[in-house]
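# Coordinate analysis (summary)
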Amino acid sequence: MAVYKKEYFGIARKIVSNMTCESWEQIPHTAVGYEADVTEFLAELKKINASIENKEDKVTVNTAVMKVICEGLKAAPKMNCTLDFRRKLVRGTLNYNDNIDISMPMILKSGEMMTVNLHDMGNKSLTEFTAQIKDTIRRANNSDMDETMYQVSLNYTLEGLKKGNIVGALNKLFGSKMPGPHRVSNLSGNSKKEYYSIPVEDRLTRHDIEQGTTTITNLGSIYREQKGACFLLEIIPPQTTAFAINAIQRRPVVKVDENGNEKIEIRSVLPITIAIDHRALDYGDCVPFMERLDKIFDNPSIIQKWK
């Protein structure tokens, strides 16, 4: 076997690989699948979009389902907690957050994948949700992501030093700045001055990249022909939950008519994967979340109030 090409990790891949390693080293993951019949939900969303003239302002299925997940988290606030756990002392503290800050992976026009933080999304309307996502994408496409990620990485390293992880922090600095193909370069000189002259409202900052209180990944937008569902996804500490919105699929579903008779219909089904940190949450803690989603998808006209 001959290696015909080598691809060295850039800073974004370095951060992702490091954080996912921490996730699987530290967190006992468990997951549950939730399947929603979204046939009527999609019809209600179509009604909302019919009144929106600008195509770019229309509410996507992803945006609407993210709003639904936020409503579920408000019904199950424990699922929006972050965890401080010290295994050696067997001490754990759940931190209940008043805001729902969504870490959302997105693909930039350059083809790079970046996870951004959508701050304070819990009580936003569908219009505000759409506007914030749209503005975040605009600012991301104006940004030098290597420079932004470098600032994030530097901050994580400094936080590690503050927490006493001196060896780990120094190893990261050594690994990123040693000469060679693995060296991480950031802007300097006139290039750096020019970049930082861009107003912060027109580019992403460390504030936009820092971790949220949960992660929502839209796998269905990456491959709409997906069959089945994601079985498990990583939870990034100190978060305790992560969600995957899979592709909508046409499936046979058992429906009950007004006379109580069962029949099979072809319906639009949306699988949602729910991953939880078992140190912080049990399956029962997710029940209020799923009950809230049941009510929304069984009575989807409620989304008309979210406009």
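What comes next is a walk through the structure. (Residues numbered from 1 in each chain as written. Predicted model: local features only at pLDDT ≥ 70, side-chain atom pairs only at ≥ 80, totals over all residues. Heavy atoms only, no water.)

### A few points about the nonpolar core
Nonpolar side chains tend toward joint burial in soluble globular proteins. Counting residues in each nonpolar core, the largest one holds 59 residues, and the members touching the most others are Phe41, Met66, Met79, Ile102, Ile274 and Phe289. Contacts of methionine 66, omitting those with residues within four sequence positions, involve Ile102, Met104, Leu118, Phe129, Ile133, Ile216 and Ile245. Ranked by size, the runner-up nonpolar core spans seven residues in total, among them Leu233, Ile235, Ala242 and Ala275. (Core = buried A, V, L, I, M, F, W, Y, C linked by side-chain atoms within 4.5 Å. Buried < 20%, exposed > 50% of the residue type's maximum accessible area, 1.4 Å probe, protein only. Contact = heavy atoms within 4.5 Å.)

### Comments concerning the pattern of salt bridges
Proximity of charged atoms lets side chains of opposite charge pair with each other. Enumeration over the complete set of coordinates arrives at 18 salt bridges. For glutamate 56, the salt bridge is made with lysine 134, and the minimal N-O distance between the two is 3.6 Å. With glutamate 56 in the loop between α2 (39-50) and α3 (61-75) and lysine 134 in helix α4 (residues 126-141), this pair connects stretches of sequence that are 78 residues apart. For glutamate 56, a relative accessible area of 56% translates into the label exposed. Residue classification places lysine 134 among the partly exposed residues on the basis of a relative accessible area of 35%. Between aspartate 202 and arginine 138 there is a salt bridge, with the nearest N and O atoms lying 3.0 Å from each other. One end of the pair, aspartate 202, is in the loop between α7 (189-195) and α8 (206-209); the other, arginine 138, is in helix α4, and 64 residues separate them in sequence. (Salt bridge = Lys/Arg side-chain N within 4 Å of Asp/Glu carboxyl O. Helix = DSSP H or I, 4+ residues; strand = E, 2+ residues; numbered from the N terminus.)

### As for the pairing of strand β7 (residues 241-245)
With five of its five residues buried, β7 lies for the most part within the structure. Every second residue of β7 is oriented toward a common face, with Thr241, Phe243 and Ile245 on one face and Ala242 and Ala244 on the other, all of them buried. Bridge analysis of strand β6 (residues 214-218) against β7 gives four bridges, and the strand direction is parallel. The partner of threonine 215 across the bridge, within β7, is alanine 242. (Pairing = 2+ DSSP bridges.)

### Concerning unusual backbone geometry
Cis geometry is found at the peptide bond from proline 237 to proline 238, where omega equals 10°. Of note, proline 238 is situated in the loop between α9 (219-222) and β7. One non-glycine residue, valine 90, lies in the positive phi region at around 50°. The class of valine 90 is exposed, set by a relative accessible area of 65%. One non-glycine residue, aspartate 120, adopts positive backbone phi at about 55°. Here aspartate 120 lies in the loop between β5 (113-118) and α4.

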